[in-house]
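Structural overview for review
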Amino acid sequence: MAAITRLLKPSHFSSTSISFMRRSLSTAAVSETAKSPSYPHNPLPSGVDPSGRNVQWVFLGCPGVGKGTYASRLSTLLGVPHISTGDLVREELNSSGPLSQQLAEIVNQGKLVSDEIIISLLSKRLEAGEAKGESGFLLDGFPRTVRQAEILDDVTDIDLVINLKLPENILVEKCLGRRICNQCGKNFNVASINAKGENGSPGISMAPLLPPSHCISKLITRADDTEAVVKERLRVYNDKSLPVEEFYRTQGKLLEFDLPGGIPESWPKLLEALNLDVHEGKQSAAA
Ligand SMILES: Nc1ncnc2c1ncn2[C@@H]1O[C@H](COP(=O)(O)OP(=O)(O)O)[C@@H](O)[C@H]1O
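Small disclaimer: the values here were computed from a predicted structure and weren't measured.

**Overview of the sheet that holds strand β4 (residues 160–165)**
Read from one edge of the open sheet, 5 strands run β2-β3-β1-β4-β10, paired in parallel fashion. With one partner strand each, in any of the chains shown, β2 (82–84) and β10 (254–258) form the two edges of the open sheet. Looking at each pair of strands side by side, their axes are set apart by 20 degrees on average, direction ignored. Across 5 bridges, the pairing between β4 and β10 is parallel. Considered in β10, the bridge of leucine 164 is made with phenylalanine 257.

What follows is the structure, encoded as structure tokens:
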């Protein structure tokens, strides 16, 4: 394993993006909108204190769990970029670039894109961010394999890994209800979820997140959000990404978060779990 890691090591990240990641270890504090986080369960390694620089967090969780939704809200709140490798893949796939056709085939079968392609897309995104003065990041959808986690570990320190969780039947319903406005790019969800509690776990209700009237005629569904492809993505998650949870659990960085419901119930609880002290007005501004 060590040999593979050595082989793949930083060469997969261009030198600029490595320097960006390294430099982001010593840059500005969390933006004024929120107080610096401290962690009740102290998942941080000793000597690493996120209060003196922008956060470097990873979001894990099955397809449809809401990584994008919560990462995007925290991005606004903390003033750090939300970087979704799924979005990077879709941008490339919708471009007329040389990878477009190959990516469409992989994504629409619910498979994972190769580590090399993902790391190249992520490097480019980090470099573009660096040019704009970005620092810190909330990674959504990366790492998704232990190999990706090892490569990331070689180039920078991740402070915290937030593992969002929902029961599998809800994940399928949520993916099937997902809609995107092809003009403004915002995400909505037409599913109305009312799952009964099972084996002592509480029931979960989620109201639909409906689009405003001007988006209704422009809604599209992701080609990989069909029932068969969602089930394959869940299978691939359990196979390739569950070990990533274990990777970070062993490092003491994993914060498990069972979503109690939709955004109104989950968002305040997530802020509480992160010990983010948000002022009333600011919190609603970020929501
Ligand atoms: N880190 C990654 N490694 C490999 N493939 C990825 C990665 N991130 C995204 N992809 C590809 O992009 C697709 C969409 O990703 P994403 O939007 O994160 O989906 P999901 O809703 O399943 O979490 C994935 O099914 C996969 O094909």
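The rest of the description comes next.
**Considering the site of the ligand**
With respect to spatial proximity, 18 residues lie near the ligand, and among them Thr85, Arg90, Lys111, Gly141 and Arg233 are the closest. The contact in question runs from an oxygen atom of the ligand to an N or O atom on the backbone of lysine 111, over 2.6 Å. Between the ligand and arginine 178, the relevant distance is 3.2 Å, taken from an oxygen atom to a side-chain nitrogen or oxygen of the residue. At 4 residues, helix α4 (residues 85–94) tops the list of elements feeding residues into the shell around the ligand. Within the shell around the ligand, the residues separate by chemical class into 7 nonpolar, 4 polar and 7 charged.

**Details of the side chain of threonine 85**
Its location among the elements puts threonine 85 in helix α4. Here glycine 141 takes part through its backbone oxygen, which lies 3.0 Å from a polar atom of the side chain of threonine 85. Setting aside chain neighbours within four positions, we find threonine 85 in contact with Ile118, Leu122, Asp140, Gly141, Phe142 and Arg144.

**Let's talk about α4**
Taken together, the buried positions of α4 are occupied by Thr85, Leu88, Val89, Glu92 and Leu93. The arc that holds every buried residue of α4, seen down its axis, measures 135 degrees, which confines them to one face. Residues of α4 that are exposed and angled more than 90 degrees away from the buried face: Glu91 and Asn94. Where the residues of α4 are buried, they touch β2, α5 (100–108), α6 (115–131) and β3 (137–140).

Definitions and limits used
- Within every chain, residues take consecutive numbers counted from 1 along the sequence as written.
- Restriction of local features to residues with pLDDT of at least 70 applies here, the model being predicted, together with a cutoff of 80 or more for giving and counting side-chain atom pairs; totals for whole chains, interfaces and linings are based on all residues.
- Computation of side-chain values covers all heavy atoms of the structure but excludes hydrogens and water.
- In this analysis, strands are considered paired if DSSP registers two or more bridges between them.
- Secondary structure is summarised from DSSP: a helix means a run of H or I of at least four residues, a strand means a run of E of at least two, and numbering begins at the N terminus for each.
- The axes used here are C-alpha line fits, helices contributing only the stretch in contact, and every angle between their N-to-C directions lies in the interval 0 to 180 degrees.
- For this description, a residue counts as near a given molecule or strand if any of its non-hydrogen atoms is within 4 Å of it.
- What qualifies as a polar contact is a pair of N or O atoms within 3.5 Å, subject to a donor-acceptor requirement within protein and to the restriction that residues adjacent in sequence count only when both atoms come from side chains.
- Classification used: nonpolar for Ala, Val, Leu, Ile, Met, Phe, Trp, Tyr, Cys and Pro, charged for Asp, Glu, Lys and Arg, polar for all others including Gly.
- In this analysis, two residues are considered to be in contact whenever any of their non-hydrogen atoms come within 4.5 Å of each other.
- The classification of residues rests on relative accessible area computed with a 1.4 Å probe and restricted to protein chains. Under 20% of the type maximum is buried, over 50% is exposed, and intermediate values are partly exposed.
- This arc describes the spread of directions from the helix axis toward the C-beta atoms.

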